Each structure stands twice: as C-alpha cells, then as structure tokens.
Amino acid sequence: MGEKRKYEALILVIFILGAVFISIFSIESLIVYLIVGLLLLIPFYYHRQKQEEQTTRYINKLTNRIKDSTEKGINKFPIGIIVIDEEKNIEWANNFIYKNIKVDEIHGVNILELMPELANLFEVETPVDNQFEIFGKHYKVNYQKDSGYIYFFDITEAKVVMQRFRDTRPIILNLSLDNYEDVYDSLDDEVASRLDANIVITLTEWAKKNSIYLKRIDEDRFIGLLNVKDLKKIEKDKFQILDSIRNLKEDFDAPVTLSIGVGVGTDFLPELGELAKSSLDLALGRGGDQVAIKDVDGTIRFYGGKTNPQEKRTRIKARVVSNALADIVNDSDKIIVMGHKRPDFDAIGGCIGIYTFSKIVGKECYIVLNDSDMDETIKKIMAEIHSTDENLARVFVTSDEAWELMTPQTTLLIVDTSDASRVIDVGILQKATKKVIIDHHRRGEDIITNPLLTYIEPYASSASELIAELIEYQTKIEKITPLAATIMLGGIVVDTQNFSIRTGSRTFSAAGYLRSNGADPTKVKTILKEPIENFMNRVEIINNSIQKTPEIVIALAPNDKKYTNVMLAQSADLLLSLKGIECSFAVGYLVGYLDENKVGVSARSLGNMNVQLVMEELGGGGHLANAATQIEETTIEEVLERLNKAIDEILLA
C-alpha cells in the first residue's frame, strides 16, 4: 500500500510540473491541459476509491470470520480451556467450562478444589493426555505445564460406545449337575422326575431373569450364552443359582449341587468355549458346588464352594487309575517322586506309597527329600526308616542326586500337591518330560501343566488314602511292607485329625487295608509324640487370641519368636475344639527364614465356613475346612489387616 501511494504522489507532481511548464507558453493550452488531466484523473481516483472500499470490506469480513471462528473454537466447540497460574488458581476459562460445571464464577478458585480428580495430572513431569470423569462426563485432559493451559476434550460419547461394546461381548457358560447319577440312582423314579423338573425350572427361570440362552446338552450338562453386562449382574449376586439348586435338598433329601465354568475375554468363540470347559474342570476339581470364571489373560475368579464336597470317586475309577499308573510306571526307566515343600506326614506317606507301587510293578523308585525340608516329625520318620528298613532308606535322595538320576524316560510323580510353585524342587519339575499328579487338595490356578495322568480327588482325606487304594488293585505277589503301611496310616491319621474330619467310608477302608498289612497305630502315635516345649509354644500362640466374632477366633503368635507351620496348624486345630468356635486362624513368623520375615497363616473350620477361599485371597489354598498360606517380606500386623479384610469380604459378607 505504501508503494502505491508513492506512485500516486509522483504522478501528481509530474501533473503539476506539466501545468506550470505549459502556463509559460499559453493560458489556453493550460486550460486544455487541466481539462484533459482532470478527465483522466477523475476516473482513476473513482476506481481507486472503489478498490479501497472493496478491500476494506473484504478485510472486515475476513476479520469477522476469523473472530467468529475463534469464538466458536474457544466457546462453542466441545473443547474446554482453563488457564491457571503457578499456584494452580484459575485465571480464565472458556464458555464450555462454565456450561459443563454449572458454576457461575470460578476465577481465582484453585482448580483442585473445583476438580480434585485432576490431582494426578500435576504429579507427572511430562504433560501427557489423561482421562478423567469430571462432573459426570469423561474427558481427555492435556496439561501444558509451560503455559498453564489445560485442555478438556469431551470423550463421553466415545466412552459410551466403547462400554456398550464391552458390555455386549459374548460369554459362554458350561453348567454341570454334581453327583447327578448317584443322586438319581438313590431316588424313586417319581421323585427323581420331580427333582429333575424342579432343577430345569429353577435353571430356566434364572436364565430368563438374567437374559441367558440356556440349552440342555446332556442329562447333567447345560450350556449358556450371555453377554458381559449380564454376567456382571450375576456376579454381583454371587451366583445365587448355586444356593437355589443346593436348597432343593430340603425338598427331595438329595445332595444335588451345581458347578459352572465361565469363559470370558475374547470374541473368538472356539477359544471362549475352551475357556469355559477348562473353567468347569477347575470348578469340579476343586470339589464342585462353585463357579470358576477364566479370562483369556489367565486370571481366574471363584464363587461358591461353601459346602464340603460330596464323595464322587468310585472304586471303578480307582481301579482304572491304578491300571493306567501301572502302565506309565512300566513304560519308564525309573520313577522319581516328591511332595510339597516342607513335607508333612501325608506327603511322606504318599511318596512311600508310590515307592511301594513302583516296586510291585517292578521299577526302581527314588524319593526326593532334602535335609532342609525336614521338620521334627519327618526326622522321626526318617530315623524309624533307617533303623528298620535299609532298602527303603536308600531310596531317599537329595534334589541334586535326583537331577542326575533323571533321563527323558524317567517319570516324575508329584503327590499331595498339584501346585507347580509348591513342589520341593521346581527345577526337577521343569526338567521332567513325563509327569503324574496325585493329590487330594482342591485345584488351584498354578496347576502343573501337561501331566500324563492327573488324579485329583478333593473328596479324599489324604494322598495316602488315594495311593493305598491304587496299591490295593495291584494283585502282584509283592505286597506293602508293615513300615510303609504304618507311615501311610500316619498320613491318614494326621490329615483327618484322628479320623474326625474329612473322613468317609473309603477312608476307613484304606485304613483297614493298611492295618491288615501290618500298619502299627501305636508306632504312629509314638512318632507323633512331642516334647513339652511344643505344647508350651502352642499355649504362647493361643494366649494372644482375638475373637473377631462369636464363631471366629484369630491367634497371633508373639512377634519375637518364630514357629513351624505345623505348630501354627496345631494351634488353629486346638482353637477349633473350643465351645462355640466354628472357624480359627493362627498367624505367626515361620522358622527357617533368618534374613527375612515370612508369615504363616493356618486356617481351620468345622465345615460351615470356607477357609480355603480366605487363604486363596492371601495367596494360599487348601480345603474348605483346612487351608494355609505363607506370605514373604511382611509383618504379622500387615497380614492380620489383610486377613481381617478377607474374612469380612468372604465369610461375613
């Protein structure tokens, strides 16, 4: 524009100089010159004025459009802007903020008072996008630390769409009626038909109420389809269908229960079906009458399991397993057997039972046991073995010796546990290519993978009981020795607390078989005798007991002493013998951990409260009435806090 003005001024100067020059010669020529000049300049001036007006109008229009766009961007689009000072006080906010927070004036207000949800936003060094729920809406918030600007992007609609997608993802249920055949065989046809009709009606009504497509695929099996949203609702009710089916016992005097396996976390139906199937296997392996929900990421949730499992194994199954195990042993070059860490009487009894089984089949067998794994009771057992049976004493080897003995053809048998992390030596387990599991505990999440044979019966009293039955079906001339029978009987005695808990007719049959083969109950009692110091230690533990409720008591061991897990278990057993006590826990530091604090918890109940679920919440496991856990790098006070929380959520909810 400045250059144009210069040219116009130059033309005007030339025009004036021309007029002066012409006026020297003739006035008439000057007049003509001026008229012609004006005729030329007037259109030029008019055109310039018009052009300037057009330019001005265009600039004003463009300015208004830019201003309007800025106004819309700051105040009308779904983007909130807040400017804060160094003290996090609000200096300015756009209309979007005022509209959505419904506050008349926020100038000068500290943003954390207005939006406490943003506290984490200011704790990070590098500004990043974060998502928050503020005043009922979802926002992606970006904080520019250098300028003090905070941008709020409304993502509520996207969140709603994403949540709708998650809520409608498919879920597959596998439902199984526990003890179906046994229950129906024990009832008259008319009663059995009415029970079946009541079960179907109960399940159908539950399915309709929760928007489940339910289809019966076998006499005792159903399959169900639903979505995530409906599953959440069912989980909130803790799968009340389990109680509904269980309560039919009152009308029909039949102990029928329901187990459910649930597969979640993927839209690929074949994978979802496999998850549901494995979940049902897990629920049944834990004793039934419960729900196992397995996610594609491996996480598992459990519901139910409130009652003692009904005995479901049959002698036919025991004979089939015995023959299958004999085939596996026969196809191996040798057998190596081990129990869980710090083995108890039953673990050693089970290992010796497998040694006897292998000897009957005709294969050599070795038992893994390290000096560090032996407590006072196990040392007594080993002393008895060394003084009585040199051949049996020679089969006990250390972990290093077992490692050298193993070949690709060696079969590793794990007894009294199915948890991969609880075996005596994880390295040996990982090296083994052929594995067999024999256990009487409920299956956990970390079960040993790819075994040739799995024999897990939560309805049995002990591993020794299961293995005694397997030996009984091997009709070779070679029989169980009196010492082996005695140690196996000891395993049953300890795990049943002298046949007072978890004792079925098969338990007495196994004990009778062992007794007929020379088992000596007096020797078992002698081995289990303890010094008076042990009794005094139990008194110390019990002396500091807290009665959480009239039925639940927690014993806290002194902070300045350490105890064995057996001592804690015996203390919990002793508390359970008191009048009115249904459930007991013993908590204390464990011996054998000099440089770290490891706290053990033993839990016992009379069967009306599921202590296994409580111990699983703390990382352990076991049975409904007998469970335990060990927690590293913690204190008794911290464990007590976690234990109280688990009891409140599981037993007292």
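These figures come from a predicted structure and were not determined experimentally.

Draft legend 1. Seen up close, the overall build of the chain. Across its full length, the chain carries 25 helices and 24 strands. A globule of 653 residues ought to have a C-alpha radius of gyration of about 26 Å, yet the chain, at 41 Å, is considerably larger. Along the first, second and third principal axes, the C-alpha atoms of the chain reach 155 × 65 × 55 Å. Residues classed as buried in the chain amount to 47% of the 653 residues present.

Draft legend 2. Expanded view of the UniProt feature "binding site: Mn(2+) 1" (unreviewed entry) in the chain. Under the feature "binding site: Mn(2+) 1" (unreviewed entry), the UniProt entry names H340, D344 and D416. For the residues just named, distributed over 77 residues, the greatest C-alpha separation is only 9.3 Å, placing them together at one site. Here H340 lies in the loop between β12 (335–338) and α13 (345–361). Contacts of H340, omitting those with residues within four sequence positions, involve A347, V415, D416, T417, R422, V423 and I424. Topologically, D344 is positioned in the loop between β12 and α13. Given the relative accessible area of 24%, D344 is considered partly exposed.

Draft legend 3. Region of the structure containing the sheet that holds strand β11 (residues 300–304). Taking strand neighbours across the sheet as the criterion, the six strands line up as β7-β8-β6-β9-β10-β11 in an open arrangement whose pairing is mixed. Edge positions in the sheet fall to β7 (213–218) and β11, since each has one partner strand and no second. Sheet twist, expressed as the average angle between the axes of neighbouring strands with direction ignored, equals 20 degrees. Summarising the sheet, strand β10 (residues 290–295) and β11 pair through five bridges and their orientation is antiparallel. Looking at β11, one finds that K294 is bridged to I300. Against the sheet, helix α8 (residues 228–236) contacts β6 (170–178), β8 (221–227), β9 (257–264), β10 and β11, and its axis sits at roughly 115 degrees relative to β8.

Draft legend 4. Representation of the nonpolar core within the structure. Counting 57 residues, the largest nonpolar core has L325, I352, I354, I385, F396, I438 and L514 as the members making the most contacts within it. Not counting the four nearest positions on each side in its chain, I354 is found in contact with L325, I335, V337, C365, L413, V415, I438 and I467. Ranked by size, the runner-up nonpolar core spans 35 residues in total, among them V183, A192, L258 and V262.

Draft legend 5. Local environment of the side chain of N626. Along the chain, N626 falls in strand β24 (residues 626–632). Of note is the side chain of N626, whose polar atom sits 2.8 Å from the side chain of R604. Excluding residues within four positions of it along the chain, N626 makes contact with R502, A603, R604 and V611.

Draft legend 6. Layout of the pattern of salt bridges. One pass over the full model with this rule turns up 16 salt bridges. Here D267 and R169 are joined by a salt bridge, their closest N and O atoms 3.1 Å apart. Here the residue D267 occupies a position in the loop between β9 and α11 (269–285), and R169 occupies one in the loop between α5 (156–167) and β6, the gap between them amounting to 98 residues. A relative accessible area of 39% means that D267 is categorised as partly exposed. Counted as one network, the salt bridges with shared partners bring together D243, R246 and D289.

Draft legend 7. Quick peek at unusual backbone geometry. We note that K238 has phi near 60 degrees; this positive angle belongs to a residue other than glycine. Summarising the element assignment, K238 is placed in the loop between α8 and α9 (241–246). You will see that Q497, though not glycine, has its phi angle at about 50 degrees, which is positive. In this fold, Q497 is placed in the loop between α19 (482–496) and α20 (505–516). Here Q497 falls in the partly exposed class, since its relative accessible area comes to 25%.

Draft legend 8. Molecular detail of the pairing of β10. Burial analysis of β10 places six of its six residues in the buried class, the great majority of the element. By the alternation rule, side chains of β10 split into Q290, A292 and K294 and V291, I293 and D295, which are all buried. Relative to β10, β9 is paired through five bridges, and the arrangement is parallel. Across the sheet, the residue bridging to G263 is K294, located in β10. What joins β9 to β10 is α11, and the crossover it makes is left-handed.

What counts, and at which threshold
All residue numbers refer to position in the chain's written sequence, counted from 1. Per-residue local features are limited, in this predicted model, to residues with pLDDT of at least 70; the limit for side-chain atom pairs, both in listing and counting, is 80 or more; totals at the level of whole chains, interfaces and linings are taken over all residues. Side-chain numbers come from the whole structure's heavy atoms, not from hydrogens or water. The helix count covers DSSP runs of H or I at least four residues long, the strand count covers runs of E at least two residues long, and both are numbered beginning at the N terminus. Radius of gyration means the value over C-alpha atoms here, while the globule rule gives 2.2 Å times the residue count to the 0.38 power. Think of it in three bands: with a 1.4 Å probe and only protein chains considered, a residue is buried below 20% of the maximum accessible area for its type, exposed above 50%, and partly exposed in between. UniProt positions are given in the numbering used here, feature names are shortened, and annotations may be inferred rather than shown by experiment. The contact criterion used is simple: two residues touch if any of their non-hydrogen atoms lie within 4.5 Å. Paired strands are those between which DSSP finds at least two bridges. Each axis is a line fitted through C-alpha atoms, taken for helices only over the stretch in contact, and angles between the N-to-C directions span 0 to 180 degrees. Only buried Ala, Val, Leu, Ile, Met, Phe, Trp, Tyr and Cys residues count toward a nonpolar core, and they belong to the same one when joined by side-chain atoms within 4.5 Å. Each polar contact in these results corresponds to two N or O atoms within 3.5 Å; when the atoms are within protein, one needs to be able to donate a hydrogen and the other to accept it, and residues that are neighboring in sequence are counted only if both atoms are side-chain atoms. We define a salt bridge as a side-chain nitrogen of Lys or Arg found within 4 Å of a carboxyl oxygen belonging to Asp or Glu. Think of it like this: strands point away, you trace from the first strand over the helix to the second, and a clockwise trace means the crossover is right-handed.

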